[in-house]
Amino acid sequence: MRRYVIILVLVIVSTFLIHTWLMSIGLFPVEASAQSVAVDQLFHVHLWMISFLFSLIMVTLLYSLLVFRRKKEDISDGAYLTGNSALEITWTAIPLMAVLVLAYAGAKTLGAIQIIDPSALQVKVTAGQWYWQFAYPEYGVSSTDLYLPVNIQVDLQMTSVDVIHSFWVPEFRVKQDILPGRTVDLRVTPSLIGNYKVRCSELCGLRHAYMEGPVTVVSQADFAKWISQQQSAAPPSPELRGQQLSTSYGCVNCHSIDGSKKTGPTWLHLYGSNVKLSNGTTLVADDDYLKTAIISANSQIVAGFPANVMPDFSTVLDQTMVESLVAYIKTLK
Ligand code: CUA
């Protein structure tokens, strides 16, 4: 009996020590959304359980190793145990209860963080290799920055143009995979003004690790100001717009503008040059060639480059955007 009491006391002390350590190593970024509070409550329950179970196992193991070690000269066999029904029922019933309680708490939290506010701000999110694009259809604004007003629920309607990506702002806690050909919703209510980052949390190719975008949570007044600034900004020249598109849609990740070789052909001195295709024909890189190359890359693969690498931009870029990109490529002489 004395040994059980000693083990119990050691387990309790160890649980508190490990929990204190886990809470001190910065596992949690700041809570910046209404949803994060409920998610963190679940995490905190888990941290207590982790601390307790680790202590229960390790303390018992180490205690037994030290106290019940074989004495010198003792070569007798250990006790022969054939089973212990009471113990087996206990170690089945307690974990079963724990799992049921956690399942209930998890389902309740999931319900709480998915509550729909019909007046939520609509933002269309487009993910692609390797960029984020955000559009505010109510205001006719689109941006590579995600600007959000504080304390207003935002309904992120997300789709991917190529492979599976995943929207994750650690400070918001919630996370959602984004699938090509489908629109999935994620609702979040930012609660803390500040600068954050959206990261892609699904391995999506070579530059997955760099697929980040700025997220700025501002006051409602500053958000209205930002929207009107975006609306009144003079439309840039086609060349400048093309340059912006080449970064926001990730073109320059594969096409250099300084002549160096990347995944795709360089854009430097491209316009007007002779391009040798993998099928043996040679074309002049005029407007038509470039437009086709942008929206239907596989129809004219340049010799020395693999097919099926460039994403399909035919549903992503409209006519004007393609023309802007061509205008920009023309300036790279
Ligand atoms: Cu997109 Cu990883």
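See the structure above.
Residues numbered from 1 in each chain as written. Predicted model: local features only at pLDDT ≥ 70, side-chain atom pairs only at ≥ 80, totals over all residues. Heavy atoms only, no water.

### A short note on the overall build of the protein chain
Looking only at helices and strands, the protein chain features eight helices and twelve strands. Taken over C-alpha atoms, the radius of gyration comes to 29 Å for the protein chain, far larger than the 20 Å a tight globule of 333 residues would show. Its C-alpha atoms put the protein chain at 90 × 55 × 30 Å along the principal axes. Total accessible area computed for the protein chain in this model is approximately 19,800 Å², and 62% of it derives from carbon and sulfur atoms. Each charge class in the protein chain was averaged separately, 23 positive and 25 negative side chains, and the resulting centres sit 9 Å apart. (Helix = DSSP H or I, 4+ residues; strand = E, 2+ residues; numbered from the N terminus. Rg over C-alpha atoms; globule rule 2.2 N^0.38 Å. Areas by Shrake-Rupley, 256 points an atom, 1.4 Å probe, with all protein chains shown as cover. Lys, Arg positive; Asp, Glu negative; His and termini not counted. Charge placed at Lys NZ, Arg CZ, Asp CG, Glu CD.)

### Describing a positive patch on the surface
Taken together, Arg2, Arg3, Arg69 and Lys71 make up a surface patch of like positive charges. Its place among the elements puts Arg3 in helix 1 (residues 2-24). (Patch = residues over 30% accessible without salt bridge, like charges linked within 9 Å, V, L, I, M, F, W, Y side chains within 5 Å. Salt bridge = Lys/Arg side-chain N within 4 Å of Asp/Glu carboxyl O.)

### Considering the sheet that holds strand 5 (residues 154-160)
Sheet architecture is open: five strands sit in the order 3-2-1-5-8, paired in mixed fashion. The sheet terminates laterally at strand 3 (141-143) and strand 8 (184-188), the two strands that pair on one side only. Along the sheet, successive strands turn relative to each other by an average axial angle of 25°, direction set aside. Alignment of strand 1 (residues 121-128) against strand 2 (residues 131-136), held across five bridges, turns out to be antiparallel. Among the inter-strand pairings, Lys124 is bridged to a residue of strand 2, identified as Ala135. Along the sheet face, helix 4 (residues 220-232) touches strand 1, strand 2 and strand 3 and points at about 95° away from the line of strand 3. (Pairing = 2+ DSSP bridges. Axes fitted to C-alpha atoms, helices over the stretch in contact; angles between N-to-C directions. Contact = heavy atoms within 4.5 Å.)

### Looking at the nonpolar core
Counting residues in each nonpolar core, the largest one holds 40 residues, and the members touching the most others are Val123, Trp132, Phe134, Tyr136, Leu156, Phe167 and Phe172. Tallying contributions element by element places strand 1 first for this core, with four residues. Those residues in contact with Phe172, other than ones at most four positions away along the chain, are Ala32, Ser33, Ser36, Leu148, Val188, Pro190, Tyr196, Val215 and Val217. (Core = buried A, V, L, I, M, F, W, Y, C linked by side-chain atoms within 4.5 Å. Buried < 20%, exposed > 50% of the residue type's maximum accessible area, 1.4 Å probe, protein only.)

### Side note on unusual backbone geometry
Look at the link from Gln129 to Trp130: it is a cis peptide, with omega at 0°. Topologically, Trp130 is positioned in the loop between strand 1 and strand 2. In this structure, His269 is a non-glycine residue whose phi angle is positive, near 55°. Its place among the elements puts His269 in the loop between helix 6 (251-254) and strand 11 (274-276). Its identity as a non-glycine residue notwithstanding, Asn308 has a phi of 60°, on the positive side. Assignment of secondary structure puts Asn308 in the loop between helix 7 (287-295) and helix 8 (319-330).

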